[in-house]
Amino acid sequence: MASLFEYMFKAPVVTETLKSSDDIQIQIIARQIDERARKSFGRSLHIREVDAGSCNGCELEIGALNNPYYDLERFGMHFVASPRHADCLLVTGPVTRNMADPLKRTYDATPAPKIVVAVGDCAHDCGVFAGGYGVVGPVSAILPVDAVVYGCPPEPRAILLGILAALEKRP
Amino acid sequence: MSMFSEIAIALLQLLMVMFGSPLLVGVIRKAKARLQGRRGASIFQPYADIRKLLLKEVVVSENTSWIFRFTPYLLATTMLLSALIVPVLTIRTPLGFMGNIIALMYLFLLGTFFLALAGLDAGSAFGGMGSSREVAIAALAEPTVLIAIFGIALRAGTTSLDGIITRFAAEPLLMLNAGHLLAFIAFFIVALAENGRLPVDNPATHLELTMIHEAMVLEYSGRLLALVEWAAGMKLFLFLTLLSNLFFPWGVALANTPMTLLTAFLALAVKLLLFAGAIALVETSVAKLRLFRVPELLAGSFTVALLAVVTSFFMK
Amino acid sequence: MIIDATVMFDLFVVTLACFGAGALGALVTARSPTLARIVGHGAALIGAMAALAFGLAGLAGGGMQLNLPDLLPIGGAAFGLDRLSAFFVVVIAAGAIPASLYAIGYTREYAGKHSLAGMGFAFNVFVVAMILVPLARNVLTFLVLWELMSLASYFLVITEHEREETLRAGWVYFVMTHTGFAALLLGFLLLAKATGTMHFVQWQVAAAHLDPSSRNLIFALLAVGFASKAGAIPLHVWLPRAHPAAPSHVSALMSGVMIKLGVYGLVRVGFSWLGVGPGWWGGTILIVGAVSAVLGVLYALVDADLKRLLAYSSVENIGIIMLSLGAAVLFQASNLPGIAALALIAGLYHTLNHAAFKSLLFMGAGAVLHATHTRNMEDLGGLMKRMPQTAAFFLIGSLAIAALPPFNGFISEWLTFQSLLLSFQISAHTINLIFALGVAALALTSGLAVACFVRAFGITFLALPRSHQAAGAHEVQWTMRAAMALLALACIVLGTAPSLMLAPLEATIFELMSAHADVQFNLTAVVANDGFGWVAPLWLALALIVFLMALPLGLRLLGANKQRRSYETWGCGRALQTARFEYTATAFANPFKRVFALLYRPVKELDIEFHPESRYFVRTIAYYNEGRLIFEDALYRPLLRMIETLAREARALQSGNVHGYLVYILIALVALLILTV
């Protein structure tokens, strides 16, 4: 207990500042979201993560967003437990047959205005799983996607930048 | 006191609770983030969250009845009403005659009742689970609450909120005994349990099966969710204010002048800051208890409260 | 205000005449069930209204004396009215009015299956006997009416006698009520012998000179007799059996009203017949009350039968009432008459309140039963949309019984808390500790009651229906809804304007113990012990309404999004959303079953039938989680076994030999002669 307290008070803040670099690729797909709605998120964005059939590589990176190093919360972002609370769906993986319907339902369960960010190469074009018998297609085949973060898996920084870009409509 | 200043004071208290509660939540989150070595969100983040939620549409389950839509309004209402009764800044609350501390606790219970019903209303397994757990914890916390109140009433000779503060402020020696400390500890544990804080419930959990409060509100969205979250913040604010002002009554305005009110405001800010720090410390250093360990914690707090009463009897 | 004695007498006669007409009318019109139903219960309705007027007049100060020396042997029939009696007449009438109204619609279902003439007759006899019990002024009158009430209710309980469990329930009720009767008879006879009079009025003076041991014995006997009628633990076993078995309007009357006559008896025993008693009487009543309250609500919490849940909750509420009665006796013994009067007011107010909300809830349960033909909560659900009015009334009843502001249960529990908390003025550590535990028990009870009624209302009325009966339910007929509306209104009025009833109650208590209660009140506020605690229920209610209206307005001003969209319940994206995903009544109660496992001693069983092809697929899963009833197991079963053994032994006496019997008679005669000489 004592060492825990010592750690709590002595350990420095380890969060890094967010810097963009050239090798990060993000594509913003122009979708008609009301400009006012986009503004309405302000500095608050609640994210629901949907694994539509990913190999969980992306999940590891997304999980890293919560750690002190990347600290997603400093941007007013937060993972939530229910799509009802969410503003943003973070979808990973190629959409498998079993997950196509749940993915659609999750989207419908989310109150408007909402954005969808496809994370990883699989979410963009099914990656190595393209053409597989269990794969329906990329996320964009099911949902209107607002931003795509490339990478297999993309690094946490890229995911963060992707979400921020989708919010601010910054290419 | 003139009619005008009475209204002004009631409004002041109301505004304090209405606008202070998101800040309190933000401060606790910030403190937790810092203790975890993170930078964390701004302390004003809860305002941004509420603003955003108000601007979103509401998605309501087809299974629900009017109870589901009514509950957020009722929750916020009970908290706003409590803000008029609790001596936040001053003991001379113009509407404080509406109830004593017991009435206040039952007002909180009214909110719990409806929230638990709303949890059941959508017919999802998570909501029902949350309701069941929430009422279980509320029920088991109730004896501690009342016995702790008994312990206070014993020494203060009254159950009226302003009476208790007046008495303790007039005779600080009354607070210098074991009973006072024990009653405080018991009430603090209950405050953690009632507000869904660690080690009873984790307000930041994502895992449905471990949820209590969060499981009940999984179905809420948009402005309804904003009201629920805001009400939860106000409840925490009110509980911590009660803890601050009943057990450490320094600074609370005994008469209403601009100077005393300002002092009261500053004193409350300091006390709440300390409590926010304490809660952040507790939440960073302890793990959530298993659900069926929670009754043991509450039984422990009950024993502490009973000890507070017994010591008061013997030290009379 | 003193009301003319002739007016009182007239009201009394009208009451009796109406019930008499109802009883006879039901018999006369036996050929036509519809007529018998309407005449029988309609006359009871008018009679109950007259009784209410009679009782209210009595509370306002009207007195009455009536002696009919030739009607009964040993002193004749004697009736009288003081404020306490009048208060209980009001309670009974207030329960009987909606019950009669409700019965007009509710008993339609029985036409052709059961004798409506018989039901109407028994109903009228039952109600009138209850009204007359608190008016009885000597031993024989009291006992005859008491027995009449028990018998009439017994016949009403076994209305659905084609069902095995109903008959069993009736049998348990019959045995328990007569055990109680025996205790009462013995107690009354001992008291009459000791004081030399059968008249209640003369007891108080004479009882003061009794020696303590016989006074204690008489107290114990009478307390046991009345507590068994009230349904206090461990004498409660008949209550959760008989009340659900009876037709719902009778359940409402039995649970809401009849058991209150046990409370009436306890008040008489504790405060007038035996004079001021020693503190341990109060302590015992308080502890029995605390145990009844906590265990009653704990049993209610896990029961899946809606009506049995309500019956157990009656045990709980009787416990709360007894808590305040016990506190009153203790305060009285500790020379704090003002607080004693406050505690007694709290108890009596809760008596009235419980009559209102418990009747309401039983009628709501009856409406559910009427519409779905099941009392099992696991088959209910979704009734909010199918029976919106019944649901709203049941919700009001649930809020009231959970003691939430601004409904009536809150006021009486608040008063009880105030009186218990004021116990710190007593300076005796043991008594202080008893009170502290009483506070804790009451707090736990009220917390558990919230849980219990969230479950009762939530599982029954919210979400999706769990069976096709529930899915096909419809709103009930108007007299039933009108009866529930009346009671719901009573819950609100008694909760927001308590002074309406506190003023007459204060006068009642003053008459009973010549002490002013330590409580001040006006139309809006109630203050206990000169600022020890206060509450302004009317203001609370108004403020609630104001804020509830202001909030949506405020949101609109802030420019909140007004759009609302309906979509399926969030089920993690699952395609199939049925009622089987809902939390069940059993699951809801499970945390309590685990926490209080010591009490419930649950026996869990899990039966899984696997698919013949693979163990990974199950065909059926059956889960049993039955609790055992410790009082039945630990107390009554051994007792029954003992009685059975004794009876088997006694069989040896039944030789069948006439000469043998003659010898018995001789022995008995000689024994009696020796005793009397």
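Residues numbered from 1 in each chain as written. Chains lettered and ligands numbered in written order. Predicted model: local features only at pLDDT ≥ 70, side-chain atom pairs only at ≥ 80, totals over all residues.

Novice: Kindly report on the overall build of chain C, identifying the contributing residues and their values.
Specialist: Regarding its fold elements, chain C presents 26 helices and 8 strands. Taken over the C-alpha trace, chain C has a radius of gyration of 26 Å; the compact-globule value for 677 residues is 26 Å, and the two agree within 12%. The dimensions of chain C, computed from C-alpha atoms along their principal axes, are 90 × 70 × 60 Å. Counting across all 677 residues of chain C, residues that qualify as buried make up 56%. Sequence-distant contacts, at least 24 apart, represent 79% of the contacts inside chain C between residues at least 6 apart. (Helix = DSSP H or I, 4+ residues; strand = E, 2+ residues; numbered from the N terminus. Rg over C-alpha atoms; globule rule 2.2 N^0.38 Å. Buried ≥ 20, exposed ≤ 12 C-beta atoms within 10 Å, placed from the backbone. Contact = placed C-beta atoms within 7 Å.)

Novice: Tell me about the overall build of chain A, and please be specific about residues and values.
Specialist: Across its full length, chain A holds 6 helices and 8 strands. Counting all 171 residues of chain A, 48% fall into the buried class. In chain A, the proportion of contacts linking residues at least 24 apart, taken out of those at least 6 apart, comes to 85%.

Novice: I'd like a description of the interface of chain C and chain B, backed by residues and values.
Specialist: Taken together, the 68 residues of chain C in the interface contact 69 residues of chain B. Looking at the side of chain C that touches chain B, the elements with two or more residues in it are helix H15 (383-386), helix H17 (408-421), helix H18 (429-461), strand S5 (533-535), helix H22 (537-557), strand S6 (564-567) and helix H23 (585-595) of chain C. Considering every element that reaches the side of chain C that touches chain B, the biggest residue donor is H18(C), with 15 residues. Split into classes, the residues belonging to the side of chain C that touches chain B amount to 50 nonpolar, 12 polar and 6 charged. Bridge count for strand S1 (residues 58-61) of chain B against S6(C) is 4 bridges, and the pairing is parallel. Following the sheet pairing, Val60(B) is matched in S6(C) by Ser566(C). (Nonpolar A, V, L, I, M, F, W, Y, C, P; charged D, E, K, R; others polar. Pairing = 2+ DSSP bridges.)

Novice: A description of the sheet that holds S5(C) should follow, citing residues and the corresponding values.
Specialist: All names here are of chain C. Here we have 3 strands laid out as an open sheet, ordered S3-S4-S5, and antiparallel in their pairing. Every other strand in the sheet has two partners, leaving strand S3 (519-521) and S5 as the edge strands with one partner each. Neighbour-to-neighbour, the strand axes of this sheet turn through a mean angle of 15°, independent of strand direction. Bridge analysis of strand S4 (residues 526-528) against S5 gives 3 bridges, and the strand direction is antiparallel. Each bridged residue has a counterpart across the sheet, and for Val-526 the counterpart in S5 is Val-535. (Axes fitted to C-alpha atoms, helices over the stretch in contact; angles between N-to-C directions.)

Novice: Quick rundown of the interface of chain B and chain A? Include the residues and the values.
Specialist: The interface of chain B with chain A comprises 30 residues on the first partner and 27 residues on the second. Among the elements of the structure, helix H1 (3-35), helix H2 (45-54), S1, helix H9 (222-247) and helix H10 (258-285) of chain B are those that each provide at least two residues to the side of chain B that touches chain A. If you tally residues by element for the side of chain B that touches chain A, the top one is H2(B), at 5 residues. Residues of the side of chain B that touches chain A, tallied by class, amount to 10 nonpolar, 9 polar and 11 charged.

Novice: Give a detailed account of the domain arrangement of chain C, specifying residues and quantitative values.
Specialist: As far as domains go, chain C holds domain 1 (1-202), domain 2 (276-552 + 582-595), domain 3 (603-628) and domain 4 (632-676). Its C-alpha centre places domain 3 of chain C at a distance of 51 Å from the equivalent point of domain 4 of chain C. (Domains from an automatic or database assignment.)

Novice: Explain the environment of Val172(C) residue by residue, including any values.
Specialist: All names here are of chain C. Along the chain, Val-172 turns up in helix H6 (residues 164-195). Looking at Val-172, the number of C-beta atoms within 10 Å reads 19, which means it is partly exposed. With 66 residues separating them in the primary sequence, Val-172 and Trp-238 have C-alpha atoms 5.6 Å apart. Residue contacts for Val-172: discarding those within four places in its chain leaves Val-237, Trp-238, Arg-241 and Ala-242.

Novice: Tell me what's going on with the pairing of strand S2 (residues 45-51) of chain A, and back it up with residues and numbers.
Specialist: Residue and element names in this part refer to chain A. Counting buried positions along S2 yields 6 of 7 residues, so the element is predominantly enclosed. One ladder, built from 3 bridges, connects S2 with strand S3 (residues 77-79); its direction is parallel. Its bridge partner lying in S3, Ile-47 is registered against Phe-79. Handedness of the β-α-β unit built from S2, helix H3 (residues 57-64) and S3 comes out right-handed. Bridge count between S2 and strand S4 (residues 88-92): 5 bridges; the pairing is parallel. Bridge pairing in S4 places Asp-51 opposite Thr-92. (Right-handed = clockwise from strand over helix to strand, strands pointing away.)

Novice: Give a detailed account of the environment of Gly112(C), specifying residues and quantitative values.
Specialist: Inspection of the secondary structure puts Gly112(C) in the loop between helix H3 (83-106) and helix H4 (116-132). Spatially, the C-alpha atoms of Gly112(C) and Pro33(C) are 7.4 Å apart, while their sequence positions differ by 79 residues.

Novice: An account of H1(B) is requested, with residue identities and associated values reported.
Specialist: A rise of 1.5 Å per residue sets the reference length of H1(B), with its 33 residues, at 48 Å; its end C-alpha atoms lie 47 Å apart and thus fit the reference within 8%. Bending of H1(B) peaks at approximately 40° at the position of Gly20(B), with proline Pro22(B) no more than four residues after it. (Expected span 1.5 Å × (residues − 1). Bend = angle between axes of the 7 residues up to and from the residue.)

Novice: So, helix H4 (residues 101-121) of chain B: which residues are in play, and what are the values?
Specialist: All names here are of chain B. Compared with an ideal rise of 1.5 Å per residue, which puts 21 residues at 30 Å, H4 spans 31 Å between its outermost C-alpha atoms and is within 8% of the ideal. For H4, the tally of buried residues reaches 20 of 21 residues, placing the bulk of the element in the interior. In the segment just after H4, Gly-123 is the residue with positive phi, at about 80°.

Novice: Break down the pairing of strand S7 (residues 603-610) of chain C for me, with residues and values.
Specialist: For a regular strand, side-chain orientation follows a simple rule: the groups alternate between the two sheet faces. Residue and element names in this part refer to chain C. The buried count for S7 comes to 0 of 8 residues, which makes it a mostly uncovered element. In this sheet, strand S8 (residues 618-626) lies alongside S7 in antiparallel orientation, the contact comprising 8 bridges. Bridged to Asp-607 within S8 is Ala-622.

Novice: Any chance you could break down the confidence of the model for chain C for me, citing the residues and the numbers?
Specialist: Residue and element names in this part refer to chain C. Averaged over every residue, the pLDDT of chain C is 90; residues scoring 70 or more account for 100%. When mean pLDDT is compared element by element in chain C, helix H16 (residues 388-401) scores highest at 95, while S8 scores lowest at 80. Here the complex is predicted with pTM 0.93, and the ipTM for its interfaces comes to 0.95. (pLDDT = per-residue confidence, 0-100.)

Novice: A description of the packing of H3(C) against helix H10 (residues 248-258) of chain C should follow, citing residues and the corresponding values.
Specialist: All names here are of chain C. For the pair H3 and H10, the least separation of the axes is 9 Å and the interaxial angle reads 170°. With respect to H10, the element H3 is oriented roughly antiparallel. Residue-level contacts link Val-91, Ile-92, Gly-95, Ala-96, Ala-99, Tyr-102, Ala-103 and Tyr-106 of H3 to Ser-248, His-249, Ala-252, Leu-253, Gly-256 and Val-257 of H10. The residue makeup of the contact of H3 with H10, split by class, is 10 nonpolar, 4 polar and no charged. (Parallel < 35°, antiparallel > 145°, perpendicular 65-115°, else oblique.)

Novice: Which residues make up the packing of helix H5 (residues 125-156) of chain B against helix H11 (residues 294-314) of chain B, and what are the values?
Specialist: Residues and elements named next belong to chain B. The contact between H5 and H11 brings their axes to 9 Å, and the two run at 15°. Regarding the angle of H5 to H11, the classification is roughly parallel. In this structure, the crossing between H5 and H11 has a hand that is left-handed. For the pair H5 and H11, the contacting residues are Ile-137, Leu-140, Ala-141, Pro-143, Thr-144, Ile-147, Ala-148, Phe-150, Gly-151, Leu-154 and Arg-155 in the first and Val-294, Pro-295, Leu-298, Ser-301, Phe-302, Ala-305, Leu-306, Ala-308, Val-309 and Ser-312 in the second. (Left-handed = near helix turned anticlockwise from the far one by under 90°.)

Novice: I'd like a description of unusual backbone geometry, backed by residues and values.
Specialist: Keep in mind that most residues, glycine aside, have a negative phi and that most peptide bonds are trans. In this chain, Cys152(A) is followed by Pro153(A) through a cis amide linkage whose omega measures -10°. Of note, Ala463(C) is a non-glycine position whose phi angle comes to about 60°, a positive value. Mapped onto the elements of the fold, Ala463(C) is located in the loop between H18 and helix H19 (468-471). When the 29 C-beta atoms within 10 Å are taken as the criterion, Ala463(C) is described as buried.

Novice: Talk me through the environment of Ile279(B); I want residue IDs and the actual numbers.
Specialist: All names here are of chain B. Here Ile-279 shows up in helix H10. For the pair Ile-279 and Ile-28, spaced 251 residues apart in the sequence, the C-alpha separation amounts to 7.2 Å. Beyond its immediate stretch of four places on either side in the chain, Ile-279 contacts Ile-28 and Arg-197.

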